[in-house]
Amino acid sequence: MNFENLIYEVDDHLAIITINRPKKLNALNKETIQELHDAFAEADADEDIGVIILTGSGEKAFVAGADISEFADFEEEEGALLARKGQKILFDFIENLSTPVIAAINGFALGGGLELAMAAHIRIASHNARMGLPETSLGLIPGYGGTQRLPQLVGKGRAFEMIMTAGMIDADQAFQSGLVNHVTSQEELMALAEKIAGKILNNSGVAIATAIQAVNAGFKPGVNGYDAEIEGFGASFATEDFKEGTTAFLEKRKPEFPGK
Ligand code: COA
């Protein structure tokens, strides 16, 4: 697949998606959002891919937000449509993917950029990363899930402070508040993402996909996460990965999961 605004690479069982509009600090225009959807859909459908890493090109930005120039003259309905469509095809889409997604935050992750990172399952950041939801400084509120996912990750009080002040936090503050799992140097960022990916790839992709569903179920209104867990736990017993995992344990060898 050819992309205008992304670099899509496959390295063994890993897909690396790099948002590539460095001159615009990788801001998410309409085309990039659609391309990201297509790239994530392609990686998720590829049975050989077990983990997806998402990052930004250049040394300055992961993603500096939604492309402000595209919505500066929008009216109410267009604004709602922008948020609804974006949430559906990209942000909710990533969160509910069967394949785990690691966001490697290599610089500014602002507005839609932080919302994109928060839709990923795991976030790591380089020391130079700066994160924030500056929408209220533009007379807006976050529209790509930020008002929901930020409080889930850092707690309501910290989320309110970030949203109301529209300020940025650095990588260490993000680590302390649970927004990112690890902080490292910019040079080591991708190596760390790949190291975490390697650990994930040792395990059953089917079980991981089921775990993603169960964890997410607990955050969906009207859905009982414990019931989803019971259902997913039961379903795991019918998989070939379960047979292989338990057999390998009893035979004292490393499992080779068939992924079914
Ligand atoms: N949408 C559109 N263009 C953006 C953008 C965005 N969210 N963020 C950065 N850019 C563009 C700038 O307009 C500039 O383009 P130009 O060279 O054609 O003028 C280019 O990217 C470089 O950005 P610049 O502002 O010159 O870099 P900086 O180092 O001075 O500042 C930021 C970096 C991130 C602090 C600043 O770009 C910024 O505040 N961006 C907007 C962040 C934001 O509010 N995001 C939420 C959107 S809802």
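Structure first, text after, so check above.
Just so it is clear, the structure is predicted and the values come from calculations on it, not from any experiment. (Residues numbered from 1 in each chain as written. Predicted model: local features only at pLDDT ≥ 70, side-chain atom pairs only at ≥ 80, totals over all residues. Heavy atoms only, no water.)

K.L.:
So what about the overall build of the protein chain? Which residues, and what values?
P.N.:
The helix and strand inventory of the protein chain stands at eleven helices and ten strands. Taking 18 Å as the expected radius of gyration for a compact globule of 260 residues, we find that the protein chain reaches 19 Å, a close match to that expectation. In terms of overall dimensions, the protein chain has C-alpha extents of about 60 × 40 × 35 Å along its principal axes. Residue burial in the protein chain is summarised as follows: out of 260 residues, 43% are buried. When contacts within the protein chain are restricted to residue pairs at least 6 apart in sequence, long-range pairs at least 24 apart make up 68% of them. Averaged over its 21 positive side-chain charges, the protein chain has a centre that lies 4 Å from the centre of its 38 negative ones. (Helix = DSSP H or I, 4+ residues; strand = E, 2+ residues; numbered from the N terminus. Rg over C-alpha atoms; globule rule 2.2 N^0.38 Å. Buried < 20%, exposed > 50% of the residue type's maximum accessible area, 1.4 Å probe, protein only. Contact = heavy atoms within 4.5 Å. Lys, Arg positive; Asp, Glu negative; His and termini not counted. Charge placed at Lys NZ, Arg CZ, Asp CG, Glu CD.)

K.L.:
I'd like a description of the packing of helix 9 (residues 205-217) against helix 10 (residues 225-236), backed by residues and values.
P.N.:
The geometry of helix 9 relative to helix 10 is characterised by a closest axis approach of 7 Å and an angle of 165° between their N-to-C directions. One finds that helix 9 runs roughly antiparallel with respect to helix 10. Read as a crossing pair, helix 9 and helix 10 show a hand that is right-handed. Facing helix 9, whose interface residues are Thr210, Ala214 and Ala217, helix 10 presents Gly225, Ala228, Glu229 and Gly232. The residue makeup of the contact of helix 9 with helix 10, split by class, is three nonpolar, three polar and one charged. (Axes fitted to C-alpha atoms, helices over the stretch in contact; angles between N-to-C directions. Parallel < 35°, antiparallel > 145°, perpendicular 65-115°, else oblique. Left-handed = near helix turned anticlockwise from the far one by under 90°. Nonpolar A, V, L, I, M, F, W, Y, C, P; charged D, E, K, R; others polar.)

K.L.:
I'd like to hear about the nonpolar core, residue by residue, with values.
P.N.:
Grouped together as the largest cluster of nonpolar side chains are 49 residues, with contacts concentrated most on Leu36, Phe40, Ile105, Leu116, Met131 and Leu179. The contacts of phenylalanine 40, once residues within four sequence positions are left out, are Ile17, Ile52, Leu54, Leu90, Phe93, Ile94, Leu97 and Val101. Of all hydrophobic cores here, the second largest spans 14 residues; its members include Ile16, Leu192, Ala193 and Ala197. (Core = buried A, V, L, I, M, F, W, Y, C linked by side-chain atoms within 4.5 Å.)

K.L.:
Explain helix 6 (residues 156-165) to me, using residue names and the numbers behind them.
P.N.:
Regarding helix 6, the residues found buried are Ala159, Met162 and Ile163. Here the buried residues of helix 6 occupy an arc of 95° about the axis, which is enough to place them on one side. Opposite its buried face, helix 6 presents the exposed residues Gly157, Glu161, Met164 and Thr165, each directed more than 90 degrees away. A positive phi of about 60° marks alanine 166, the residue just after helix 6. (Arc of directions from axis to C-beta.)

K.L.:
Go over the sheet that holds strand 6 (residues 108-110), please, and point to the residues and values.
P.N.:
Across the sheet, which stays open at both edges, the four strands sit in the order 4-6-8-9 with mixed pairing between neighbours. Two strands bound the open sheet, and with one partner strand each, they are strand 4 (61-63) and strand 9 (168-170). Geometrically, the sheet is characterised by an average inter-axis angle of 20° between neighbouring strands, direction not taken into account. Two elements, strand 6 and strand 8 (residues 130-132), share three bridges in a ladder whose sense is parallel. Within strand 8, the position partnered with leucine 110 by the bridge is glycine 132. (Pairing = 2+ DSSP bridges.)

Fair warning: the whole summary comes from geometry, so function is off the table for now.
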